[in-house]
Amino acid sequence: MPAVVLVGAQWGDEGKGKATDLLGSRLDYVVKFNGGNNAGHTVVVGEEKYALHLLPSGILTPGVTPVIANGVVVDIEVLFEELEGLASRGVDVSKLRISANAHVITQYHRTLDKVTERFLGKRQIGTTGRGIGPSYADKINRVGIRMQDLFDENILRQKVEGALDQKNHLLVKVYNRRAIAVDEIVDELLGYVDRLRPMVTDTALELHQALGRGETVLFEGGQATMLDVDHGTYPFVTSSNATSGGAVTGSGIAPNQIDRVIAVVKAYTTRVGAGPFPTELFDEWGDFLTENGHEFGTTTGRRRRTGWYDAPIARYAARINGVTDFVLTKLDVLTGIERIPVCVAYDVDGERFDEVPVSQSDFHHAKPIYEEFPGWTEDLSGAREFADLPANAQAYVRELEAMSGSRISAIGVGPERDAIVQLHELID
Ligand code: GDP
Ligand code: IMO
Ligand code: MG
């Protein structure tokens, strides 16, 4: 029963989309289990570049069945835009399955996301503004709308009324915005029903059956470990479980069905939005990483914050997710740096921390303790075997591996599909 979970180890944008695409031909199903269209995955196939947000990256591989599972929040307008965009480029999107239990992002969630951020002022999270947080809040508050509600007009209307009852007071009296009419939301959602009907199903059952037949299922996490609502840098996180446990609750498979947990980790670190980031660079090396790594958001276009590799974070990700394999990406971006610093521990007001401190205040004050490793000047993009890498690049990879709590099984050396050095099979 090959069930493989793939997650981000840092603050997102590690190259999960490319890693999923790499495994594509070995997969029968690719399942998105958390988040929504806050994600942005870039996949380069030959001359073509695809940006995926709501759909799992596996949709680009012919024959794979993509699944949007119960843990996802779905903006249906975005869903159809993305499907149409891919279909017009010749991608077969006809196999998509969507969980009847997935929650829906509506106009009021998007509006609330934006106004609450504005009201937070200096304390704002820097969300993607896609309505993710408010939609998950409704789910937990038990006033959310699920995909299945769309197929019963009566229930849908009651639920939208229930949700708007309180929100309209908030929108009008607190945030000074216009009230949203129940009909406006209900009519929009009902307009999608005919197109959704063939896709919406019991995806948990379908995945159990697929695993029972011995098919290979990849669970593709959106966001990443340090953005996880429980294990990340709260409150500067997203509103879902982006770690491997989320693959279980977010899809309805059982923990003992998971065989492999792959974490994608960049050879340096980036972050979009606010929150602590110990190895962040504010000097020309930060610009070097941003420019060489093309570190601009796939979803919002924002410039990503950049910094050196943080080994305590990789170890943290290894622990929280039960990582069996790391995919180390963007090693090529480090070419040309004479000595490459790696954070091996933190100094918090004079005290050494070898692991990520549990206290948010400590993490905010954490200063990286660096070790430096010799760099290389050779272009790595043509390397396909470990032996093709310059000796110093090999040594850098081995050092990271020793510090990061699990083996490195593949190394990214460029954005293209085949720009990869494979050390171990990622799927048995
Ligand atoms: P995701 O959100 O984790 O899927 O990552 P993103 O797609 O947001 O960001 C990763 C970016 O790095 C994309 O533009 C990829 O095309 C690119 N990329 C992925 N792997 C590599 C690599 O090994 N080297 C280089 N230079 N670029 C890579
Ligand atoms: P992928 O899947 C990087 C960040 C936002 C913000 C915080 C909360 O491409 O790695 P949200 O809109 O989710 O409520 O925003 O999380 N964030 C991401 N950062 N990559 C992502 O996805 C992200 N999804 C959300 O920038 O700081
Ligand atoms: Mg991304």
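Residues numbered from 1 in each chain as written. Chains lettered and ligands numbered in written order. Predicted model: local features only at pLDDT ≥ 70, side-chain atom pairs only at ≥ 80, totals over all residues. Heavy atoms only, no water.

1. What about the site of ligand 2?
Residues in close proximity to ligand 2 total 20 residues, the closest being K16, N38, T128, Q223 and T238. Between ligand 2 and the protein, one listed contact pairs an oxygen atom with a backbone N or O atom of G40 at 2.9 Å. At a separation of 2.6 Å, an oxygen atom of ligand 2 approaches a polar side-chain atom of T128. Here ligand 2 loses 97% of its free accessible area of 550 Å² to cover by the protein chains. A class-by-class count of the residues in the shell around ligand 2 yields 6 nonpolar, 11 polar and 3 charged. Taken domain by domain, the shell around ligand 2 gets at least three of its residues from each of domain 1 (3-92 + 202-422) and domain 2 (103-196). (Near = heavy atom within 4 Å. Polar contact = N/O pair within 3.5 Å; in protein donor to acceptor, adjacent residues only side chain to side chain. Areas by Shrake-Rupley, 256 points an atom, 1.4 Å probe, with all protein chains shown as cover. Nonpolar A, V, L, I, M, F, W, Y, C, P; charged D, E, K, R; others polar. Domains from an automatic or database assignment.)

2. Things to note about the domain arrangement of the protein chain
Many descriptions give the size of an interface as the accessible area lost when the pieces come together. When the domains of the protein chain are assigned, the result is domain 1 (3-92 + 202-422) and domain 2 (103-196). For domain 1 and domain 2, the distance between their C-alpha centroids amounts to 29 Å. In this assembly, 27 residues from domain 1 lie in contact with 23 residues from domain 2. Looking at the side of domain 1 facing domain 2, the largest losses of area belong to V73, I76 and F80, adding up to 30% of the total buried there. Summed over the shared surface of domain 1 and domain 2, the number is 2 salt bridges. Its salt-bridge partner being D75, residue R110 comes within 2.6 Å of it at the nearest N-O pair. For the side of domain 1 that touches domain 2, the secondary-structure elements that each account for two or more residues are β6 (73-74) and α2 (76-88). Classifying every residue of the side of domain 1 that touches domain 2 by side-chain character gives 10 nonpolar, 13 polar and 4 charged. (Contact = heavy atoms within 4.5 Å. Buried area = accessible area lost by both parts, 1.4 Å probe. Salt bridge = Lys/Arg side-chain N within 4 Å of Asp/Glu carboxyl O. Helix = DSSP H or I, 4+ residues; strand = E, 2+ residues; numbered from the N terminus.)

3. Section: the site of ligand 1
Neighbouring residues of ligand 1: 18 residues in total, closest K16, G40, H41, T42 and D332. One of the backbone nitrogen or oxygen atoms of V413 is found 3.4 Å away from an oxygen atom of ligand 1. Among the secondary structure elements, those contributing two or more residues to the shell around ligand 1 are α1 (16-23) and β3 (41-45). A per-element tally of the shell around ligand 1 places α1 first, with 3 residues. In the shell around ligand 1, the residues fall into 3 nonpolar, 8 polar and 7 charged.

4. What about the sheet that holds strand β11 (residues 260-266)?
The strand order across the open sheet built from 10 strands is β9-β7-β5-β2-β10-β1-β11-β15-β19-β20, with neighbouring strands paired in mixed fashion. Strand pairing shows two members of the sheet lacking a second neighbour, β9 (200-201) and β20 (420-422), which therefore form its edges. (Pairing = 2+ DSSP bridges.)

5. What about the coordination of the magnesium ion (ligand 3)?
Bound to the magnesium ion (ligand 3) are the protein donor atoms D13 (OD) and G40 (O), situated 2.0 Å from the metal. You can see D13 sitting in the loop between β1 (3-8) and α1 and its partner G40 sitting in the loop between β2 (29-32) and β3, a full 27 residues away along the chain. (Donors = N, O, S within 2.8 Å, 3.2 Å for Na, K, Ca; no water.)

6. Things to note about empty space enclosed by the protein
Counted by the stated rule, this structure contains 2 cavities of 30 Å³ or more. Empty space within the largest cavity amounts to approximately 50 Å³. Listed by contribution, the elements that provide at least two residues to the lining of the largest cavity are α2, α3 (107-120) and α6 (182-190). For the lining of the largest cavity, the per-class residue count stands at 5 nonpolar, 2 polar and 4 charged. Counting contributing residues, the lining of the largest cavity receives three or more from each of domain 1 (3-92 + 202-422) and domain 2 (103-196). Estimates place the volume of the second largest cavity at around 40 Å³. The wall of the second largest cavity is formed by G15, K18, A19, L22, V327, T329, G412 and I420. Of all the secondary structure elements, the ones that give two or more residues to the lining of the second largest cavity are α1 and β15 (325-329). (1 Å grid on protein atoms, 1.4 Å probe; cavity = no way out; pocket = protein on both sides within 12 Å on 5 of 7 lines; lining within 4 Å. Points joined across faces, edges and corners; volume = space filled by probe spheres on them.)

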